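# Working through the structure, step by step
Each chain is listed here by its residues.
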Amino acid sequence: MKRAAVILAVFMVLLLLSGCGKPNTAENEKASVVVGFSQLGAESSWRIANTESMEKAAREAGFGLMMENANQKQEKQIDAIRSFIAYRVDVIVFSPIVENGWDNVLNEAKKAGIPVILMDRMIETKDESLYTAYVGADFYEEGRRAGEYLIRKADAIHAGHLNIAEITGTVDSTPMRDRQRGFMDVIRTDPRFTVVDSICGDFLRSKGEECAIALFEKFGPDGIDVIYSHNDAMTLGALDIMEQRGMRPGEEILVITVDGEKEAVDALKEGKINCVVQCTPDLGPAAMSLVKDLTAGSEVPKTTHPEEGVFSDFDDLSNPGVEGF
Ligand code: AHR
């Protein structure tokens, strides 16, 4: 482990010389365990909170953290993982932007004997030995919770037929796939619902705006009864467009979103969003606890899901527990 600390110091110097990366710190130099962390980007408040959670948890555990942000590019994540292998970190943690295309680089990590923890998102592979553990949400369950809310709401308002527009996250990412699958599995057989469109907003607020504009151009303001959006950032973008057009989100159109960032929970309290399915970004403590166990030679569980719930207009929203991150 000492060697990893020396290597970390060299890595940091090289990064500084190349004009990128974080400055080395006394804590990093002293660290006996070094974690290579490839974050996928900074596309949402969720992601920023997740990065902070990882940094804080690593600091508190006394681990050195070599973090690289891939700015939404899979090639950059692959390069980062290769650099972590070259520098012989103790554990690699990464949040895969999409599910496919990781087998080669993860085989390289396996050959180098470096355990890999998937944090937040999963990969699709025939060889489960390519990663040691996954820590992150049960996205399928989140999708189901969104669908269950819609059924409950439709019952409560005695809805006839409802046209649903889905704004999805990044294509081929785990939250996109599983939030869609879980939602559809719950509503599919209910004749009251038709999904009229499903368009990708890449988890970005700006694209949420673009999606809303495209949807209202295609279907008109009365052609959509429900917006199911895969994250708060896109939902908030769509809300901006609805409000600019004098529409009343939450009343004329039911809005269901996922994450639970403060701005979205506030919009729920104001009646502009109907349901927020929680997805916690605070995965750092669980991820670092896995690192600790692995480096101590202990067995770790293959899958760890955080506890999550739902806030909606069926709840007492003045409750102090109803707050965003
Ligand atoms: O993978 C988690 C998702 O990624 C969050 O729901 C979204 O906000 C983020 O960008």
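All figures in this text were calculated on a predicted structure; none of them were measured in a lab.

### Digging into the packing of helix 6 (residues 139-156) against helix 7 (residues 174-187)
Where helix 6 contacts helix 7, the axes come no closer than 6 Å and their chain directions differ by 40°. For the pair helix 6 and helix 7, the sense of crossing is right-handed. Of helix 7, the residues touching helix 6 (which contributes Phe-139, Tyr-140, Glu-142, Gly-143, Arg-144, Ala-146, Gly-147, Glu-148, Leu-150 and Ile-151) are Thr-174, Pro-175, Asp-178, Arg-179, Arg-181, Gly-182, Phe-183, Asp-185, Val-186 and Ile-187. Tallied by class, residues from the contact of helix 6 with helix 7 come to nine nonpolar, four polar and seven charged.

### Regarding empty space enclosed by the protein
Enumeration according to the criterion identifies one cavity of 30 Å³ or more in this entry. Approximately 90 Å³ is the volume found for the largest cavity. Considering the residues around the largest cavity, the lining is formed by 13 residues, among which Trp-46, Arg-47, Arg-121, Phe-203 and Asp-259 are closest to the centre. Contributing elements (two or more residues each) for the lining of the largest cavity: helix 3 (45-61) and helix 7. Residues that form the lining of the largest cavity fall into these classes: five nonpolar, two polar and six charged.

### Side note on the side chain of Asp-197
With respect to the helices and strands, the residue Asp-197 is situated in strand 7 (residues 193-200). In this structure the side chain of Asp-197 is engaged in a polar contact, spanning 2.9 Å, whose partner is the side chain of Lys-218. Non-local contacts of Asp-197, meaning those with residues more than four positions away in its chain, are made with Ile-164, Ala-165, Glu-166, Leu-215, Lys-218 and Phe-219.

### Thoughts on the pattern of salt bridges
Within this structure, the stated rule accounts for 27 salt bridges. Notably, a salt bridge pairs Arg-177 with Glu-99, separated by 2.6 Å at the nearest N-O pair. Taken together, the residues span a long stretch of sequence, with Arg-177 in helix 7 and Glu-99 in the loop between strand 3 (91-94) and helix 5 (103-111) at a distance of 78 residues. As a salt-bridge pair, Lys-272 and Glu-270 come within 3.1 Å of each other at their nearest N and O atoms.

### Let's talk about the site of the ligand
Close contacts around the ligand come from Glu-43, Ser-44, Trp-46, Arg-47, Asp-120, Arg-121, Phe-139, Pro-175, Arg-179, Phe-203, Asn-231 and Asp-259, and that covers them all. Measuring from an oxygen atom of the ligand, one finds a side-chain N or O atom of Asn-231 at 2.8 Å. Across the complex, the protein chains shield 100% of the 280 Å² of accessible surface that the ligand would expose by itself. With respect to the detected pockets, the ligand is housed in the largest cavity. When contributions to the shell around the ligand are tallied by element, the ones reaching two or more residues are helix 3 and helix 7.

### Focus on the sheet that holds strand 1 (residues 34-39)
Ordered in space as 2-1-3-4-5-11, the six strands form an open sheet in which the pairing is parallel. Taken across any chain shown, the strands that pair with only one partner, and hence form the sheet edges, are strand 2 (64-69) and strand 11 (303-304).

### Points about the environment of Leu-283
Tracing the backbone through its elements, the reader meets Leu-283 in the loop between strand 10 (275-278) and helix 11 (284-295). For Leu-283 and Met-67, which are 216 residues apart along the polypeptide, the C-alpha to C-alpha distance reads 15 Å. Excluding residues within four positions of it along the chain, Leu-283 makes contact with Trp-46, Asn-50, Ser-53, Met-119, Asp-120, Val-135, Gly-136 and Pro-306.

### So, helix 11
Under the 1.5 Å per step criterion, the end-to-end length of helix 11 is 16 Å for twelve residues, consistent within 8% with the ideal 16 Å. Listed in full, the buried residues belonging to helix 11 are Gly-284, Ala-287, Met-288, Leu-290, Val-291 and Leu-294. Buried residues of helix 11, viewed axially, fall in a sector of 150°; they line one side. Taken together, the buried residues of helix 11 touch strand 1, helix 3, strand 2, strand 3, strand 4 (116-119) and strand 5 (133-135). Gly-297 lies just past helix 11 and shows a positive phi near 85°.

### Digging into the sheet that holds strand 7
In spatial order, the strands read 7-6-8-9-10-12; together these six strands make up an open sheet with mixed pairing. If you trace the sheet from one side to the other, it starts and ends with strand 7 and strand 12 (310-312), each paired once. Direction aside, the axes of adjacent strands within the sheet are offset by 15° on average. Taken strand by strand, helix 7 contacts strand 6 (162-168), strand 7, strand 8 (226-229) and strand 9 (254-259), and its axis lies near 165° from that of strand 6. Relative to the sheet, helix 9 (residues 232-244) contacts strand 6, strand 8 and strand 9, its axis offset from that of strand 9 by approximately 150°.

Reading the values: the criteria
- Residues numbered from 1 in each chain as written.
- Predicted model: local features only at pLDDT ≥ 70, side-chain atom pairs only at ≥ 80, totals over all residues.
- Heavy atoms only, no water.
- Axes fitted to C-alpha atoms, helices over the stretch in contact; angles between N-to-C directions.
- Helix = DSSP H or I, 4+ residues; strand = E, 2+ residues; numbered from the N terminus.
- Left-handed = near helix turned anticlockwise from the far one by under 90°.
- Contact = heavy atoms within 4.5 Å.
- Nonpolar A, V, L, I, M, F, W, Y, C, P; charged D, E, K, R; others polar.
- 1 Å grid on protein atoms, 1.4 Å probe; cavity = no way out; pocket = protein on both sides within 12 Å on 5 of 7 lines; lining within 4 Å.
- Points joined across faces, edges and corners; volume = space filled by probe spheres on them.
- Polar contact = N/O pair within 3.5 Å; in protein donor to acceptor, adjacent residues only side chain to side chain.
- Salt bridge = Lys/Arg side-chain N within 4 Å of Asp/Glu carboxyl O.
- Near = heavy atom within 4 Å.
- Areas by Shrake-Rupley, 256 points an atom, 1.4 Å probe, with all protein chains shown as cover.
- Sits in = over half its atoms within 2 Å of the grid points.
- Pairing = 2+ DSSP bridges.
- Expected span 1.5 Å × (residues − 1).
- Buried < 20%, exposed > 50% of the residue type's maximum accessible area, 1.4 Å probe, protein only.
- Arc of directions from axis to C-beta.

Just geometry here; none of it tells us what the structure is for.
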